[in-house]
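# Fold and contact review
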Amino acid sequence: MIYQIYPRSFLDTNGDGVGDLQGVIERLDYLQWLGIDAIWLSPIYPSPMKDFSYDISDYCDVHPLFGALATFDALVDAAHARGIRVILDWVPNHTSDQHPWFLASRSSRDDPKRDWYLWHDGAVDGGPPNNWVRAWVDEPAWDFDPTTSQWYLHCFMAEQPDLNWANPEVRQAMAEVLEFWLARGVDGFRMDVIHLLGKDPALGDDPEDLKVLSHVVLNDREETHGYLREIRAQLDAHPTRPMAVGEVYLLDADRVATYYGQGDELHLAFNFEPLFQPWRAEAWRGIVDRVLSSHDPRGAWPTWVLNNHDAPRIVSRVRSAERARVAAVLTLALRGTPFLYQGEELGLESVLLNPGEVIDPGFRDGARAPMPWDSSPSHGWASETPWMTWPPEASERSVEAQRGVAGSMLEFYRDLLALRRREPSLQLGDFAYVAAPDGVLAWSRQGTGAPVTVVANFTHDAVEVPQRGEVLLSTIGSRGSQFDGLLLGDEAVLLRPEA
Ligand code: GLC
Ligand code: CA
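Scanning the chain from N- to C-terminus turns up 14 helices and 19 strands. Taking 23 Å as the expected radius of gyration for a compact globule of 499 residues, we find that the chain reaches 23 Å, a close match to that expectation. With respect to the three principal axes, the spread of C-alpha positions in the chain is 75 × 50 × 50 Å. Taken across its 499 residues, the chain has 60% of its residues classed as buried. Restricting to contacts in the chain with at least 6 residues of sequence separation, those with at least 24 account for 66%. For the chain, the exposed area adds up to about 18,500 Å²; of that, 51% sits on carbon and sulfur atoms. Within the chain, one finds 42 positive and 74 negative side-chain charges whose respective centroids are separated by 4 Å.

Another point: the coordination of the calcium ion (ligand 2). In the first shell of the calcium ion (ligand 2), the protein supplies D12 (OD), N14 (OD1), D16 (OD), V18 (O) and D20 (OD), at 2.3 to 2.4 Å from the metal. Between consecutive donors of the calcium ion (ligand 2), the numbers of intervening residues give the motif D-x1-N-x1-D-x1-V-x1-D. For the pair V18 and D20, a shared accessibility class is recorded, and that class is buried.

Summarising the element assignment, R171 is placed in helix 5 (residues 168-183). Taking the relative accessible area as the measure of exposure, R171 reaches 17% and is therefore buried. The spacing of R171 and W116 is 55 residues in sequence and 9.6 Å in space, taken between C-alpha atoms. Beyond its immediate sequence surroundings of up to four residues, R171 is in contact with W165, A166, Y227 and E230. A polar side-chain atom of R171 sits 2.8 Å from the main-chain carbonyl oxygen of W165.

Here we take up helix 9 (residues 281-295). With 15 residues, helix 9 should reach 21 Å at 1.5 Å per residue; the first-to-last C-alpha distance of 21 Å fits that figure. Every buried residue belonging to helix 9 is among A281, A283, W284, G286, I287, V288, V291, L292, S294 and H295, and all of these are buried. Of the surrounding secondary structure, the elements contacted by the buried residues of helix 9 are helix 8 (253-257), strand 10 (303-305), helix 11 (321-333), strand 12 (430-433) and strand 13 (440-446).

About the criteria used
Residues numbered from 1 in each chain as written. Chains lettered and ligands numbered in written order. Predicted model: local features only at pLDDT ≥ 70, side-chain atom pairs only at ≥ 80, totals over all residues. Heavy atoms only, no water. Helix = DSSP H or I, 4+ residues; strand = E, 2+ residues; numbered from the N terminus. Rg over C-alpha atoms; globule rule 2.2 N^0.38 Å. Buried < 20%, exposed > 50% of the residue type's maximum accessible area, 1.4 Å probe, protein only. Contact = heavy atoms within 4.5 Å. Areas by Shrake-Rupley, 256 points an atom, 1.4 Å probe, with all protein chains shown as cover. Lys, Arg positive; Asp, Glu negative; His and termini not counted. Charge placed at Lys NZ, Arg CZ, Asp CG, Glu CD. Donors = N, O, S within 2.8 Å, 3.2 Å for Na, K, Ca; no water. Polar contact = N/O pair within 3.5 Å; in protein donor to acceptor, adjacent residues only side chain to side chain. Expected span 1.5 Å × (residues − 1).

Take a look at the structure:
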């Protein structure tokens, strides 16, 4: 169970309105109480912050806003002392345009770093080399640089030029970045847009109808798998066997599964389909079927994700805290590794900003509101006005308002995490569907420890189901200890089935 921290929005300790690493250190006890195994830190590197540290200008340091290398070292020690592992975000596809590598690369066509990025002549009509568009807006993925009269590729913003992974020097430099952090004790990496590393050397145009998805559709290339095998070999050679989870933003389980290779590429790849599915039992059954049928034959272990810093929050998507609890049961009781995103355990909703207030160039502010720790005006932050507005009902949903309160979302998450920890079958057991009426998804986990049956109602209506057994946990809180087959609307239960 891995908990994603978006450091800017976690906790500010020095009053500048921006969350920092000291804030993470101060809340490790909370995370330990919650029952998580590892934290993944979104980028903390020096950056001009055009994409909030996903535009990195130095891979081997910490942005002063977040702290210093010494703060990071203290964080790793403090996390390890609590049995919490630390996973760092690694952004290998692109740097900031302020990174010294790019400054050198753009300075002249003869610069030794010229070929570290993807420079090309324009088309005959004077436009960009091809019709690729960048992420988020319908604009070319190329910018013209007058200094050398060529165009460079950027799958994201112009301030995020893509590295040329076909160049072995780039791969070597990036391998050194991994070594740098491994030497500081990190336990693994979350690898940003890893499916983009390989680029079509022919630079063919995207078909018009696929243009907007160009990075998704056309850059899922064989070269990338070779790079991943190199990266995996490097990680495997390390005595601590660090973990690699990749952001493979393809929304297609079959293709995502190929990024596990033959057990020689990624350890885990994000499965983002749940972020885009309607709240219907058949839709979720479809995802589960696609994920298991594509992953199982290669021995690939799936992941489950409801939230991250790029997507609207689950409570907002399903428009109900009750359903969000059912969704939490899905992610924590299906077979695979669950990822939680800060504030999910509080039932936070997305912030809706007015057009003039939007901060993020990718329009993803909604899930990036600061964590409310208590119900005071500053919500536990060292400043009352953080870099962005508080989430809806921040006081009622703060950690302080929910901790120790029976039936709260926070206590529910904690109970569910504890149950998963206690029941080996929930972690490692086999998965099989069991009979369920329309609108309900039911499955069993068994083969490792005692069996657990999960029954999840996607509808508002109470329904009779065939399962019976001892109630281990219900999303609606207190219930009798025996389940008699009457599942309430928007309820999920975890049962020890009758023998
Ligand atoms: C990933 C990150 C996103 C970032 C993008 C470019 O999708 O999750 O936040 O903007 O990569 O680095
Ligand atoms: Ca701060």
